[in-house]
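If you want the building blocks of each chain, they are given just below.
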Amino acid sequence: EAAVTQSPRNKVTVTGGNVTLSCRQTNSHNYMYWYRQDTGHGLRLIHYSYGAGNLQIGDVPDGYKATRTTQEDFFLLLELASPSQTSLYFCASRAGLGGGETLYFGSGTRLTVL
Amino acid sequence: QQKVQQSPESLSVPEGGMASLNCTSSDRNFQYFWWYRQHSGEGPKALMSIFSDGDKKEGRFTAHLNKASLHVSLHIRDSQPSDSALYFCAVSSSGSWQLIFGSGTQLTVMP
């Protein structure tokens, strides 16, 4: 089973604070994704990447930056956190772009912005 | 932006019963429909994918795809309490990097 590890598991910050969420995959997958999960909205794509140094904008990118430093590591940055960014965040990876390629998720980071 | 609609939002079935979940896409360029399952406190995990018309069976789980209507269903027979989870439908499209997810169906299997 492919491994995707996220940290921290939980994070609390204040409005205007800086937050970095980390994700590491050891599957040698090219593609990595950041999603947020909110009740009634399902999983919405924030940013994604196909390799170190590459970044693509997803469907809900406002207020988020991301950086892919290596094949394994993908970070999500909130530089001025707002309460609307309180959510459950998931990182995911997959090997290729074929429609049948499985997307593997981490266990999530629950972020609360006070 | 294409949409993925799931129904019902929530579903309760008795242990041993049949659960039926539905999903419709607005994208005629889809390649695959996927079903993912998420237990509380965990990340989603892939259950199965389907791309051809008809049925695909994996154990107690059967997916049925109607490409003409862009509709897929998931049927869980002999439901177990461990099947209680949030079920997501997702669609992959030709030329796209991402999966588009629906908002999910919360399934509760009552002992």
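The sections below set out a description of the structure shown in this document. Within each chain, residues carry numbers counting from 1 in the order of the written sequence. The order in which chains are written sets their letters, starting at A; the order in which ligands are written sets their numbers, starting at 1. In keeping with the model being predicted, local features are shown solely for residues with a pLDDT of at least 70 and side-chain atom pairs are shown and tallied solely at 80 or more, while totals for entire chains, interfaces and linings include all residues. Excluded from the side-chain calculations are hydrogens and water; all other atoms, namely the structure's heavy atoms, are used.

1. Looking at the overall build of chain B
Within chain B, the regular secondary structure consists of zero helices and eleven strands. Each helix is a run of DSSP H or I of at least 4 residues and each strand a run of E of at least 2, with the numbering of both proceeding from the N terminus. Scanning chain B from its N terminus toward the C terminus, one meets helices and strands in the order β-β-β-β-β-β-β-β-β-β-β. As defined in this context, the radius of gyration uses C-alpha atoms, and a globule is described by 2.2 Å times the residue total to the power 0.38. Rg of the C-alpha trace for chain B: 13 Å, near the compact-globule value of 13 Å for 111 residues, within the 12% margin. With a 1.4 Å probe rolled over the protein chains alone, any residue whose accessible area is under 20% of its type maximum counts as buried; one over 50% counts as exposed, and the rest are partly exposed. Counting across all 111 residues of chain B, residues that qualify as buried make up 48%. Here, two residues are considered to be in contact whenever any of their heavy atoms come within 4.5 Å of each other. Considering only contacts in chain B between residues 6 or more positions apart, those separated by 24 or more positions represent 54%. Using a 1.4 Å probe, the Shrake-Rupley method yields the accessible areas, and only the shown protein chains count as cover for residues. For chain B, the computed accessible surface area is about 5,100 Å², with 47% contributed by carbon and sulfur atoms. One way to put it: in chain B the 9 positive side-chain charges average out to a point 4 Å from where the 9 negative ones average out. Charge counting follows a simple rule: Lys and Arg are positive, Asp and Glu are negative, and His as well as the terminal groups are ignored. Each charge is placed at NZ for Lys, CZ for Arg, CG for Asp and CD for Glu.

2. Section: the pairing of strand β3 (residues 19-25) of chain B
Residues and elements named next belong to chain B. Across the two faces of β3 the burial differs, with Ala-19, Leu-21, Cys-23 and Ser-25 buried and Ser-20, Asn-22 and Thr-24 not buried at all. Pairing of strand β1 (residues 4-7) with β3 involves four bridges; the strand directions are antiparallel. The residue of β3 that forms the bridge with Val-4 is Ser-25. A pair of strands is considered paired only if DSSP assigns at least 2 bridges between the two.

3. Looking at the environment of His-29 of chain A
Topologically, His-29 of chain A is positioned in the loop between β3 (19-25) and β4 (31-38). Beyond its immediate sequence surroundings of up to four residues, His-29 of chain A is in contact with Ala-2, Arg-68, Gln-71, Ser-93, Arg-94, Ala-95 and Tyr-104 of chain A.

4. Brief notes about the interface of chain A and chain B
Listed per partner, the contact involves 29 residues of chain A and 22 residues of chain B. Buried area between chain A and chain B, both sides added, is near 1,800 Å², and the carbon and sulfur share of it is 58%. Every case where a carboxyl oxygen of Asp or Glu lies within 4 Å of a side-chain nitrogen of Lys or Arg is listed as a salt bridge. The interface formed by chain A and chain B holds zero salt bridges in total. In the analysis that follows, any N or O atom pair within 3.5 Å is treated as a polar contact, provided that within protein one partner can donate a hydrogen and the other can accept it, and provided that, for residues neighboring in sequence, both atoms belong to side chains. Counting every contact that joins chain A to chain B gives three residue pairs in polar contact (both at pLDDT 80 or more). Of the residues forming the side of chain A that touches chain B, the biggest block, five residues, is contributed by strand β5 (residues 42-49) of chain A. Asp, Glu, Lys and Arg are counted as charged, while Ala, Val, Leu, Ile, Met, Phe, Trp, Tyr, Cys and Pro are counted as nonpolar; the rest, among them Gly, fall into the polar class. Residue classes in the side of chain A that touches chain B are distributed as twelve nonpolar, 13 polar and four charged. The term buried area refers to how much accessible surface (probe radius 1.4 Å) is lost by two components on association, counted for both of them together.

5. Some details on a nonpolar patch on the surface
Residues and elements named next belong to chain A. The residues that make up patches have over 30% relative accessible area and no salt bridge, and they are joined within 9 Å when like-charged or within 5 Å when they are Val, Leu, Ile, Met, Phe, Trp or Tyr. Together, Val-12, Val-14 and Leu-114 make up an exposed nonpolar region whose accessible area comes to about 300 Å². Positionally, Val-12 belongs in strand β2 (residues 10-13). Since its relative accessible area comes to 54%, Val-12 is described here as exposed.

6. Some thoughts on the sheet that holds strand β7 (residues 65-68) of chain A
Residue and element names in this part refer to chain A. The four strands lie next to each other as β1-β3-β8-β7, forming an open sheet whose pairing is antiparallel. Either end of the sheet is taken by a strand with one partner, and the two such strands are β1 (4-7) and β7. For this sheet, the mean angle separating the axes of adjacent strands, direction not counted, is 15°. Only the stretch in contact is used when fitting a helix axis, every axis being a line fitted to C-alpha atoms; angles between N-to-C directions are given from 0 to 180 degrees.

7. Considering unusual backbone geometry
Residue and element names in this part refer to chain A. The amide bond that connects Ser-7 to the next residue, Pro-8, takes the cis arrangement and shows omega of -5°. Structurally, the position occupied by Pro-8 is in the loop between β1 and β2. A positive phi is found at Ser-28, a non-glycine position, where the angle reads about 60°. Topologically, Ser-28 is positioned in the loop between β3 and β4.

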